[in-house]
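# Structural overview for review
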Amino acid sequence: RMSEAPILTTTPPPSLVKRRTPNALVEQYANEIVRIAEDYNVAVWDLYRVLGGNEKIKENHANGLVARDYIHYTKNGYELSGALFSEALLEAFYHYAINLSN
């Protein structure tokens, strides 16, 4: 049954509107996704906060992770996001396996 399938959600990454204003909607979406995931006991990986939220978007751009439009990420930014996600998923699985064996 599909209702028994595990679900993993992720929040959107931080961004700016018109390259200057923090995208408040993205922050709201991230907060709401986390809240709903907690309410329904669904796993969530909070990319928004992992990348530092809107407070770090300019720093991430300066570090070559965010494209000039401040919405999309560079190759390095997407690779970092993927590596961080993989690391988090493997760590969660490790903790799950440890708890399963106890």
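Residues numbered from 1 in each chain as written. Predicted model: local features only at pLDDT ≥ 70, side-chain atom pairs only at ≥ 80, totals over all residues. Heavy atoms only, no water.

## Details of the overall build of the protein chain
Along the protein chain, the regular secondary structure elements total four helices and four strands. Start at the N end of the protein chain and walk to the C end: the helices and strands fall as β-β-β-α-β-α-α-α. Of all 102 residues assigned to the protein chain, the portion counted as buried reaches 24%. Considering only contacts within the protein chain whose residues lie at least 6 apart along the sequence, 53% involve residues at least 24 apart. With the model as given, the accessible surface of the protein chain reaches about 7400 Å², and the carbon-plus-sulfur share is 59%. Between the mean site of the 10 positive side-chain charges and the mean site of the 12 negative ones, the protein chain shows a separation of 12 Å. (Helix = DSSP H or I, 4+ residues; strand = E, 2+ residues; numbered from the N terminus. Buried < 20%, exposed > 50% of the residue type's maximum accessible area, 1.4 Å probe, protein only. Contact = heavy atoms within 4.5 Å. Areas by Shrake-Rupley, 256 points an atom, 1.4 Å probe, with all protein chains shown as cover. Lys, Arg positive; Asp, Glu negative; His and termini not counted. Charge placed at Lys NZ, Arg CZ, Asp CG, Glu CD.)

## Some points on the packing of aromatic side chains
Using the criterion set out here, one finds three aromatic pairs in the structure. Seen from their ring centres, Phe 93 and Tyr 96 are 6.2 Å apart, and the 35 degrees between their planes marks the pair as tilted. Here Phe 93 and its partner Tyr 96 are both found in helix H4 (residues 75–101), three residues apart, which amounts to about one turn of the helix. (Phe/Tyr/Trp six-rings, centres within 6.5 Å; stacked < 30°, edge-to-face > 60°.)

## Brief notes about helix H1 (residues 24–39)
An ideal rise of 1.5 Å per residue puts 22 Å on 16 residues; H1 measures up with 23 Å between its terminal C-alpha atoms. Among the residues of H1, Val 26, Ala 30, Val 34 and Ala 37 are the ones counted as buried. Buried residues of H1 fall within an arc of 75 degrees about the axis and therefore sit on the same side. Of the surrounding elements, those touching the buried residues of H1 are strand E1 (8–10), strand E4 (43–45) and helix H2 (47–50). Capping of H1 at its N-terminal end is provided by Asn 23; its side-chain oxygen lies 3.1 Å from the backbone amide nitrogen of Leu 25. Two residues or fewer after H1 comes Asn 41, characterised by a positive phi angle close to 55 degrees. (Expected span 1.5 Å × (residues − 1). Arc of directions from axis to C-beta. Polar contact = N/O pair within 3.5 Å; in protein donor to acceptor, adjacent residues only side chain to side chain.)

## Topic: the pattern of salt bridges
Counting across every chain of the model gives five salt bridges. Across the salt bridge formed by Arg 35 and Asp 39, the nearest N and O atoms sit 2.6 Å from each other. Linking Arg 35 with Asp 39, this pair stays in helix H1, spanning four residues, or about one helical turn. By relative accessible area, Arg 35 is classed as partly exposed at 38%. Among the residues examined, Asp 39 registers a relative accessible area of 52% and is labelled exposed. (Salt bridge = Lys/Arg side-chain N within 4 Å of Asp/Glu carboxyl O.)

Taken by themselves, the reported measurements are silent on function.
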